[in-house]
Structure formats: structure tokens, C-alpha cells
Amino acid sequence: MAVDSGNNQSVERAAQLLRALADAGHTRVRASDLASAAGLGLSTASRLLATLESLGFVERDPVTSLYRLGPLALRVGGAAANQQPVHREARQVAQNLAARLGLGVNVARRHGDRLVYLVNAEGELAPRSFTLLGQTNPLHATGLGKCLLLGCTPEERRELLGDLTAFTARTVTELRALETELDEVRARGYAMEVEELALGRACVAAPIRDRDGTVVAAISVSGSLSALDLANRRDELAQVVIETADTVSTALGYTATALTN
């Protein structure tokens, strides 16, 4: 049991280092910074990083000694995405829509109290030098998250969300106000988010359902305020995102009668 406990601890510590590298985004990181982020001593972190490097999970620059995720981590991430039915059905649809509108198109599912991006496609009006795949965002401050919250009961939402963090002056921070907005989202079939997570950006999102009619994911069209031009294009974008969500839902086995059966 002592051996098992030690092995488990090593796995947990290695996972903490990988998580810290993932959180670093597109930058390379020093071993000391990774150790600090993972809550580990430098010697322990260095030993584990050497093992992860030998396995291909991380790479170390021979000149700067800075670390980044390695090819095996990329392979695992790609395999994880491909094992998600929503990713498989939505990937090409999202890419086509991004090319057609020139905007960003994202697909996400809920994981606990956060959303996780499964698909990320960018059009020419919404360029991004990095992928959102696997990254997370809060539920209450995003159009995607509001759609995903439709899959929870009010009691589940209350327990799940707790205190609502303000990211801008426009973020909804009262649960009662959020519940009112979710009623509107449910009635009209799409969610809006305008500068609630980041200034100058907005999105229009719609829920994706499985064969049982359960909300399992959501898809959004996003970009800068000027690119979306919601004053003139809100209805158009809402209709497009609803139709696209329906396309993915149908591919997952959803039919309009699923909600009434």
C-alpha cells in the first residue's frame, strides 16, 4: 500500500506539472515557475520533468532550458478530442461556418463549474494565433456557458455556481438575474454575451442536444463588437447559430420529439 501511495503521489504531481504547462498557453516556462505553479519543490519538479521529457509529454529547449508540452501530450489531446462525439460531429460544421461568416466559431461542453472548448475555428475577421481547444471559461459570463446551464436544474445551478465573479462591469453577478436571463435563452433558443467576459468582444450561442434532448454542448459565433455588428446582424447570427446547433444535434440523434417523450 505504501508503494501504491507513493506511485499515486508521483502521478498526481506529474499531472500538476502538465496542468501548469497547459495553463501557460503558448509560452515556454522555467522549471522553477512550473514547480511554484504546481506547489512542488524544485528538485521534485525537475526529476518529474525529466521523466516526462523522456516519455515525450514535455520538451525542454536545449539552449534556454525552458519547457513546453511535447508531442505525446499533443497526441493525447487530439485523441481525447476525437473520442468526443460532439467534437467529431461539430468540427467540420464549425470550420465551414467560420469560413462563411469570417467570425470565430466555438463548441464547448460543461465540466463541473466551467466550460471546456471542444472545437475552435477562426474566420478572417476573428484571427487568433492560438487554439482554445481544451481551455476553460466560466459558465455565467459566456454565451456558451449560459446555454450549457440550461442542462441543469435551478438547484444544480445554485450549487454549481456559488458566488458569480465579475469580469467586467457588464457581467451578471446575481443568480436571480442570471435565472431570468436563462428563461429568456430557453424561450428564444439562443444566448447573448456582450462584453461580460472581455471588453470589446461578444458572442451569440445556441445549445446542442443529444438523442434524449439533453443539452450536452453549445456552439457560438464570436468576435469583436465591430465584426459581429449586433445592432444590424443579431437576428441573422441568432438564426444561423440555432440552425447550426440543430445540425449537430441531429447528427447526435436528436429529434424534435425528444423533449416531449
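These lines cover the structure that appears in this document, whether it is placed above or below.

The rules behind each value
Residues numbered from 1 in each chain as written. Predicted model: local features only at pLDDT ≥ 70, side-chain atom pairs only at ≥ 80, totals over all residues. Heavy atoms only, no water. Helix = DSSP H or I, 4+ residues; strand = E, 2+ residues; numbered from the N terminus. Contact = heavy atoms within 4.5 Å. Buried < 20%, exposed > 50% of the residue type's maximum accessible area, 1.4 Å probe, protein only. Arc of directions from axis to C-beta. Phe/Tyr/Trp six-rings, centres within 6.5 Å; stacked < 30°, edge-to-face > 60°. Lys NZ or Arg CZ within 6 Å of the ring centre and 35° of its normal. Pairing = 2+ DSSP bridges. Axes fitted to C-alpha atoms, helices over the stretch in contact; angles between N-to-C directions. Core = buried A, V, L, I, M, F, W, Y, C linked by side-chain atoms within 4.5 Å.

### Observations concerning the environment of Gly102
Here Gly102 shows up in the loop between helix H5 (85-101) and strand E3 (104-111). C-alpha of Gly102 to C-alpha of Glu156: the two residues are 54 residues apart in sequence and 36 Å apart in space. Those residues in contact with Gly102, other than ones at most four positions away along the chain, are Leu97, Gly123, Glu124, Leu125 and Ala126.

### Comments concerning the environment of Ala166
Inspection of the secondary structure assignment puts Ala166 in the loop between helix H7 (154-161) and helix H8 (175-188). Spatially, the C-alpha atoms of Ala166 and Thr27 are 27 Å apart, while their sequence positions differ by 139 residues. In contact with Ala166, other than residues within four places in its own chain, are Thr171 and Thr173.

### Points about helix H2 (residues 31-38)
Residues Ala31, Leu34, Ala35 and Ala38 constitute the buried set of H2. Down the axis of H2, the buried set is contained in an arc of 100°. They therefore lie on one face. Every exposed residue of H2 that faces more than 90 degrees away from the buried side is listed here: Ser36 and Ala37. Gly39, located one to two residues past H2, shows a positive phi value of around 70°.

### So, the packing of aromatic side chains
If you walk through the whole model with that rule in mind, you get 0 aromatic pairs. We note Arg188 situated over the ring of Tyr190; from NZ or CZ to the ring centre the distance is 4.6 Å.

### Some thoughts on unusual backbone geometry
You will see that Glu195, though not glycine, has its phi angle at about 55°, which is positive. Looking at Glu195, the relative accessible area reads 16%, which means it is buried. Positive phi outside glycine occurs at Asp229, with the angle close to 50°. Note on placement: Asp229 falls in the loop between helix H9 (225-228) and helix H10 (230-251). Judged by relative accessible area, Asp229 falls into the partly exposed class, the value being 28%.

### Focus: the pairing of strand E7 (residues 201-209)
As a general feature of sheets, a regular strand has side chains that alternate between the two faces. Of all 9 residues that make up E7, 8 are buried, and the element is covered over most of its length. With antiparallel pairing between neighbouring strands as the criterion, strand E6 (residues 191-194) and E7 make up a hairpin whose turn holds 6 residues, including Glu195 at a positive phi of roughly 55°. The hairpin turn running from E7 into strand E8 (residues 215-224), its antiparallel successor, is 5 residues long, and Gly213 in that turn takes a positive phi close to 85°.

### Observations regarding the sheet that holds E6
An order of E5-E4-E3-E8-E7-E6 is seen for the 6 strands of this open sheet, with the pairing classed as antiparallel. With partners counted over all chains shown, the strands left at the sheet margins are strand E5 (136-138) and E6, one partner each. Here the average twist between neighbouring strands, direction ignored, is 30°. As paired strands, E3 and E8 are joined by 5 bridges and run antiparallel to one another. Bridge pairing in E8 places Asn106 opposite Ser220.

### Comments concerning the nonpolar core
For soluble globular proteins, nonpolar side chains are generally found buried alongside one another. Core analysis: the largest hydrophobic core is formed by 31 residues, its most contacted members being Val204, Ile208, Val221 and Leu237. The biggest single contributor to this core is H10, with 7 residues. Ranked by size, the runner-up nonpolar core spans 20 residues in total, among them Tyr117, Leu149, Leu150 and Val185.

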